[in-house]
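Next come the chains, spelled out residue by residue.
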Amino acid sequence: MKNQQILFSTVHPAPYMDRMLEYIKSEYEITVIYNCLSDKYKQWNNYSWVHGFVFKDISFKKTIGLIRNADLVIVGGWGSWDCIKLILLSNILFKKVAVFSDCPIHVNKRSPQFWFKKLFLFKQFDYIFCATSSTQEIYSKFYNLEKSKLKLFPYAIHFPEINHIEAINKSRVNELLNGNMPRIFISNSFYKRKGYNILYEMLIEIQKKDLLYKYDITIAGLGEEYEEYEFKFKSLSSKIKFTGWLDYEDYIDQMNNTDIFIHASLFEPFGIPPIDAMARGKLLIVSDGVQSTTSIIKSGENGYIYSASEPKELVTIIENLKTESIYNIGQRAIKTANENYSYEIYSNVLKECID
């Protein structure tokens, strides 16, 4: 397949996109075009991303040449005019086109954008590569797209070397059984839909129940509400640690060495950290607004799931956690992550679409 070419566009370089690109590169030749090279709240240092072009730096003639060479054009970050032009040019040149999409937050059937997509734009490509099954359901329901056009194509997950993570987890189990505090890790940007208001209400309640001191809590991330919640959380306990932005290797190190990961987003179009936690055998506590896990978590079996806007449900989960069950549940989570996010998904979908 290495003689077959894929042209892939995405918003900006990121470790989670690199994994997808590396998987694809193992079977296909791939050229990448970025909308931009950085994001305000995602500033990775010492990071060498997959080499590619930037839309603003390539000529019309060069773009045409890249499209002509491609057997499949995959367009991510397709809300930009550059991406829409890429779709239209690919269509004119009779190339197969797929757009990559997270789950939409909401669909407004009265908006001009809705009708532009339904009546024109969605007719210009062959497939939607859907990050989640809920993405497939929304496009099928609201835009009447055929299911054969909607391919499940999730973000790539960083699966650890199994012997390494088993050694870490075994060590943590021994430490917990010897009285060490369970570690809770939270990694999410600080803005409204990320659910920090729910986390704050949960912390208030577990403090009242004299449980807050029993956990070692670390929170990573930046965003417009960072200072507000840093003040609120530290008012409850000065021992809650705020790391700010973490480079990718530091994030992975925190995830490897935690015991419990909480993801409280009111709505998350995908949600990579929850799957990273599952892949490492950590106890995941996640809201039902997180689309990557909403259909695969069974509370008490491979993690815990609660209603996104109900802090009391989250309190109940924390209140009833048993130290000895943390890694038993986490072990089952590894199996679930592997079954739902293996590389074979990419291989099968791309082979079907290109052939």
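Residues numbered from 1 in each chain as written. Predicted model: local features only at pLDDT ≥ 70, side-chain atom pairs only at ≥ 80, totals over all residues. Heavy atoms only, no water.

K.L.:
Quick rundown of the overall build of the protein? Include the residues and the values.
P.N.:
When its secondary structure is counted, the protein shows 13 helices and 13 strands. A globule of 355 residues ought to have a C-alpha radius of gyration of about 20 Å, and the protein, at 21 Å, matches this closely. Across the protein, every contact between residues at least 6 apart in sequence was considered, and the portion connecting residues at least 24 apart equals 69%. Summed over all atoms, the accessible surface of the protein reaches about 16,800 Å², with 50% contributed by carbon and sulfur. For the protein, the distance from the average position of its 42 positive side-chain charges to the average position of its 41 negative side-chain charges is 5 Å. (Helix = DSSP H or I, 4+ residues; strand = E, 2+ residues; numbered from the N terminus. Rg over C-alpha atoms; globule rule 2.2 N^0.38 Å. Contact = heavy atoms within 4.5 Å. Areas by Shrake-Rupley, 256 points an atom, 1.4 Å probe, with all protein chains shown as cover. Lys, Arg positive; Asp, Glu negative; His and termini not counted. Charge placed at Lys NZ, Arg CZ, Asp CG, Glu CD.)

K.L.:
Describe the sheet that holds strand β10 (residues 241-244), listing the residues and the values that go with them.
P.N.:
One open sheet holds the six strands; their spatial order is β10-β9-β8-β11-β12-β13, and the pairing between them is parallel. The sheet terminates laterally at β10 and β13 (304-306), the two strands that pair on one side only. Each neighbouring strand pair of the sheet contributes to a mean axis angle of 20°, computed without reference to strand direction. Examined bridge by bridge, strand β11 (residues 260-263) and strand β12 (residues 283-287) share four bridges and lie parallel to one another. Paired with Ile262 across the strands is Ile285, a residue of β12. On top of the sheet, helix α9 (residues 248-256) reaches β8 (183-187), β9 (216-220), β10 and β11; it is set at about 145° to β8, its chief contact. Against the sheet, helix α10 (residues 272-279) engages β8, β11 and β12, with an angle of about 160° to β11. (Pairing = 2+ DSSP bridges. Axes fitted to C-alpha atoms, helices over the stretch in contact; angles between N-to-C directions.)

K.L.:
Please set out the environment of Phe142 residue by residue, giving values where relevant.
P.N.:
When you line up the elements, Phe142 lands in helix α5 (residues 133-143). The spacing of Phe142 and Val107 is 35 residues in sequence and 7.7 Å in space, taken between C-alpha atoms.

K.L.:
Talk me through a nonpolar patch on the surface; I want residue IDs and the actual numbers.
P.N.:
Residues Trp115, Phe116, Leu119 and Phe120 make up a contiguous nonpolar surface patch of about 390 Å² in total accessible area. Relative to the helices and strands, Phe116 resides in helix α4 (residues 112-119). (Patch = residues over 30% accessible without salt bridge, like charges linked within 9 Å, V, L, I, M, F, W, Y side chains within 5 Å. Salt bridge = Lys/Arg side-chain N within 4 Å of Asp/Glu carboxyl O.)

K.L.:
An account of the side chain of Ser265 is needed here, citing residue identities and associated values.
P.N.:
Locating Ser265 in the fold gives a position in the loop between β11 and α10. Note on Ser265: relative accessible area 0%, which makes it buried. Within the structure, the side chain of Ser265 is placed 2.6 Å from the side chain of Glu268, a separation counted as a polar contact. Residues in contact with Ser265, not counting those within four places in the same chain, are Asn188, Arg193, Lys194, Gly195, Ser287, Gly289, Val290 and Ala308. (Buried < 20%, exposed > 50% of the residue type's maximum accessible area, 1.4 Å probe, protein only. Polar contact = N/O pair within 3.5 Å; in protein donor to acceptor, adjacent residues only side chain to side chain.)

K.L.:
A description of the packing of aromatic side chains should follow, citing residues and the corresponding values.
P.N.:
Counting across every chain of the model gives 32 aromatic pairs. Centre to centre, the rings of Tyr23 and Tyr346 are 6.0 Å apart; their planes meet at 40°, and the pair counts as tilted. Within this pair, whereas Tyr23 is found in helix α1 (residues 15-25), its partner Tyr346 is found in helix α13 (residues 344-354), the two being separated by 323 residues in sequence. Centroid distance Tyr200 to Phe233: 6.0 Å. Interplanar angle 10°. Geometry classified as stacked. One end of the pair, Tyr200, is in helix α7 (residues 196-208); the other, Phe233, is in helix α8 (residues 226-236), and 33 residues separate them in sequence. By way of ring pairs, the aromatic residues Tyr16, Tyr23, Phe100, Tyr127, Phe129, Phe153, Tyr155, Phe270, Tyr341, Tyr343 and Tyr346 are connected into one cluster. (Phe/Tyr/Trp six-rings, centres within 6.5 Å; stacked < 30°, edge-to-face > 60°.)

K.L.:
An account of the packing of α7 against α8 is requested, with residue identities and associated values reported.
P.N.:
Contact pair α7 / α8: the axes reach a minimum separation of 10 Å and the direction vectors enclose 10°. It follows from the interaxial angle that α7 and α8 lie roughly parallel. Side by side, α7 and α8 meet where Tyr196, Asn197, Leu199, Tyr200, Leu203, Ile204 and Gln207 of the first sit next to Tyr229, Lys232, Phe233 and Leu236 of the second. (Parallel < 35°, antiparallel > 145°, perpendicular 65-115°, else oblique.)

K.L.:
Any details on unusual backbone geometry? Residues and values, ideally.
P.N.:
Even without being a glycine, Asn144 presents a positive backbone phi close to 55°. Inspection of the secondary structure assignment puts Asn144 in the loop between α5 and β7 (150-152). What makes Asn144 exposed here is its relative accessible area of 56%. Positive phi is not limited to glycine here, since Asp210 has a value of about 60°. Relative to the elements of secondary structure, Asp210 occurs in the loop between α7 and β9.

K.L.:
I'd like to hear about the pattern of salt bridges, residue by residue, with values.
P.N.:
If you walk through the whole model with that rule in mind, you get 14 salt bridges. Residues Lys85 and Asp82 are paired through a salt bridge, measuring 3.7 Å at the closest nitrogen-oxygen approach. Residue Lys85 and its partner Asp82 are located together in helix α3 (residues 81-92), separated by three residues, close to a single helical turn. Taking the relative accessible area as the measure of exposure, Lys85 reaches 46% and is therefore partly exposed. In this structure, the salt-bridge partner of Lys232 is Glu228, at a minimum N-O distance of 3.1 Å. On the criterion of helical spacing, the pair formed by Lys232 and Glu228 is a turn pair, its members being four residues apart in helix α8. Given a relative accessible area of 25%, Lys232 falls into the partly exposed group.

K.L.:
Residues and numbers for the nonpolar core, please.
P.N.:
Counting 53 residues, the largest nonpolar core has Ile6, Phe8, Met20, Ile24, Phe129, Phe153 and Leu350 as the members making the most contacts within it. Beyond its immediate sequence surroundings of up to four residues, Met20 is in contact with Phe8, Phe100, Phe153, Pro154, Tyr155, Ala156 and Tyr346. Counting residues in each nonpolar core, the second largest holds 36 residues, with Ile186, Met202, Phe242 and Ile262 among its members. (Core = buried A, V, L, I, M, F, W, Y, C linked by side-chain atoms within 4.5 Å.)

That's the geometry; what it means functionally is another story.
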